[in-house]
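The lines below spell out each chain.
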Amino acid sequence: METKKRVAYFYNNEIGNYNYGKLHLMNPKRISMTHSLIVGYGVYKDLDVYTTREATKEEIMQFHDQDYVEYLSNYVSSTKIDFLRKNGCNAPIIDEETKNDVEKKRQYGIDVQADCPGFDGVYTFSQLSTGGSIDAAHLIINNAADIAINWGGGLHHAKKGEAYGFCYVNDIVVCILELLKVFPRVLYIDIDVHHGDGVEEAFFTTNRVMTVSFHEFGEDFFPGTGGLNSSGEGLGKNYAVNVPLRPGMDDESYKQLFKNVMNKVMEVFRPDVVVFQTGADSLANDKIGHFNLSIRGHGECLMYMLRFNVPVVVLGGGGYTIQNVSRCWAYETGLLVKKNLNGPIPVDDPFFHLYEKQNMLHVPIQQVENKNSKEDLNKIQEEVFKQLKEVDA
Ligand code: V1P
Ligand code: CA
Ligand code: ZN
């Protein structure tokens, strides 16, 4: 008989209040919107709910360079400095040299091409994102949960000494480093529409972590890494798995490929624990990604991994049509506690006005051309299987 899984959920009300800037596509409000739906649909009572704490500098420095973390933790925007000065604050706010050092900003990836703006609270925001992922790992380590969710995590692009692609601190790498203190083998799965480059890079030379990323690839799609041939180095050779895809992936083709690849991965790698990055920019109608997945299709991939009876840390990630992100992650939280959410958005939801155009949890998707032919997908699967044959875990 299948036993009920213990599902833990990390949330902090503060996280939705951080702001990347008016014109930016990353909107932390989607985390609060997800939470409201989780409460509104009554999923909350089936979860062990934890308040997310801020990760410490020492925890973050398990992966990131000290000078980068110091820079980030001291960051104060020029707007805030101007505001404080205008309001009579004469005390030194920050080392003027650090603030004005354009070279440092460039070095640490802040403000570069507007992807990673310096905004007020950028460090605390990153600490909250990372605190949830670390404590999710700890619950799994202590056998206090079978599944631990942190929708505020999943920021897969951040590099050791540099912010990148909307990500400042790589909560996923820190989470995996925690798990590696206890578990011999960790499997990382990434269904964000972008390549999970920061996580791949961090574990490129080890055979204790297998990274598997499904992503859109080609025609200058960000970040441009994650081709089939990027497969790990040294001891890590063959332990980085990439599934590069063209626009238009639909439920049927994505689910089939996902299940086939993950079945083989589980057979050859036999992980002790799974970390699942559930980026929702692979859904249809995303403002950046060009896949065409339904919320149900996306959720089926996550649920597929539960059959292997291995504990799972579930993290968020990208997602730029924010109503669909909250729909998707609330639906997936429901699935994890065996509830199949559907129907209208609860009318008393504090964000109800944002769903008014389409007030159902599941939204119809238009047919778009799938630029991946059956032959292309068979070829990719064949190549991935060839790589996995070489794995001797
Ligand atoms: O394409 C780029 C860079 C800027 N170009 C010159 C190359 N950046 C992308 C970054 C996407 C980050 C995705 C993060 C995640 O994987 C995880 C949280 O989802 C980019 C794009 C784009 N269409 O690819 N940045 C922006 N758009 C952007 C738009 C408006 C304001 C700021 C950034
Ligand atoms: Ca991905
Ligand atoms: Zn993404």
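Here, every reference points to the structure presented above.
So, how was this worked out
- Residues numbered from 1 in each chain as written.
- Chains lettered and ligands numbered in written order.
- Predicted model: local features only at pLDDT ≥ 70, side-chain atom pairs only at ≥ 80, totals over all residues.
- Heavy atoms only, no water.
- Near = heavy atom within 4 Å.
- Polar contact = N/O pair within 3.5 Å; in protein donor to acceptor, adjacent residues only side chain to side chain.
- Areas by Shrake-Rupley, 256 points an atom, 1.4 Å probe, with all protein chains shown as cover.
- Nonpolar A, V, L, I, M, F, W, Y, C, P; charged D, E, K, R; others polar.
- Buried < 20%, exposed > 50% of the residue type's maximum accessible area, 1.4 Å probe, protein only.
- Helix = DSSP H or I, 4+ residues; strand = E, 2+ residues; numbered from the N terminus.
- Right-handed = clockwise from strand over helix to strand, strands pointing away.
- Pairing = 2+ DSSP bridges.
- Donors = N, O, S within 2.8 Å, 3.2 Å for Na, K, Ca; no water.
- Tetrahedral: all angles 85-135°; square planar, octahedral: opposite > 155°, others 65-115°.
- Axes fitted to C-alpha atoms, helices over the stretch in contact; angles between N-to-C directions.
- Parallel < 35°, antiparallel > 145°, perpendicular 65-115°, else oblique.
- Left-handed = near helix turned anticlockwise from the far one by under 90°.
- Contact = heavy atoms within 4.5 Å.

(A) How the structure looks around the site of ligand 1. Taken together, 19 residues lie around ligand 1, and Asp 115, His 156, His 157, Asp 281 and Tyr 320 are the ones closest in. His 157 has a polar side-chain atom sitting 2.6 Å from an oxygen atom of ligand 1. The side chain of Tyr 320 places a nitrogen or oxygen atom 2.5 Å from an oxygen atom of ligand 1. Relative to its free-state accessible area of 740 Å², ligand 1 is covered by the protein chains to the extent of 72%. When the residues that make up the shell around ligand 1 are grouped by side-chain class, the tally is nine nonpolar, seven polar and three charged.

(B) Representation of the pairing of strand 4 (residues 186–190) in the model. Counting buried positions over the five residues of strand 4 gives five, a clear majority of the element. Every second residue of strand 4 is oriented toward a common face, with Val 186, Tyr 188 and Asp 190 on one face and Leu 187 and Ile 189 on the other, all of them buried. Read as a crossover between parallel neighbours, the route from strand 4 over helix 9 (residues 197–202) to strand 5 (residues 209–216) is right-handed. With five bridges joining them, strand 4 and strand 7 (residues 273–277) adopt parallel strand pairing.

(C) Molecular detail of the coordination of the zinc ion (ligand 3). Coordination of the zinc ion (ligand 3) by the protein comes from Asp 192 (OD), His 194 (ND1) and Asp 281 (OD), over a distance range of 1.9 to 2.0 Å. Read N to C, the donor residues that coordinate the zinc ion (ligand 3) are spaced as D-x1-H-x86-D. Note that Asp 192 is positioned in the loop between strand 4 and helix 9 and Asp 281 in the loop between strand 7 and helix 11 (295–304), a separation of 89 residues in sequence. For the pair Asp 192 and Asp 281, a shared accessibility class is recorded, and that class is buried.

(D) Spatial organisation of the coordination of the calcium ion (ligand 2). At 2.4 to 3.0 Å from the calcium ion (ligand 2) lie its protein donor atoms, namely Asp 190 (O), Asp 190 (OD), Asp 192 (O), His 194 (O), Ser 213 (OG) and Phe 214 (O). Coordination at the calcium ion (ligand 2) comes from six donor atoms whose angles at the metal span 69 to 166°, giving a geometry best classed as irregular. Donor residues binding the calcium ion (ligand 2) come from one chain and are separated in sequence as D-x1-D-x1-H-x18-S-F. Taken together, the positions of Asp 192 in the loop between strand 4 and helix 9 and Phe 214 in strand 5 put the pair 22 residues apart, joining distant regions of the chain. Residue Asp 192 shares its accessibility class with Phe 214, and that shared class is buried.

(E) Broad picture of the packing of helix 1 (residues 29–40) against helix 12 (residues 322–336). Between helix 1 and helix 12, whose axes approach to 8 Å, the crossing angle comes to 45°. Classified by the angle between their axes, helix 1 and helix 12 sit oblique to one another. Every pair of crossing elements has a handedness; the one defined by helix 1 and helix 12 is right-handed. The residues of helix 12 that touch helix 1, namely those facing Lys 29, Arg 30, Ile 31, Met 33, Thr 34, Leu 37 and Ile 38, are Ile 322, Gln 323, Val 325, Ser 326, Arg 327, Trp 329, Ala 330 and Thr 333.

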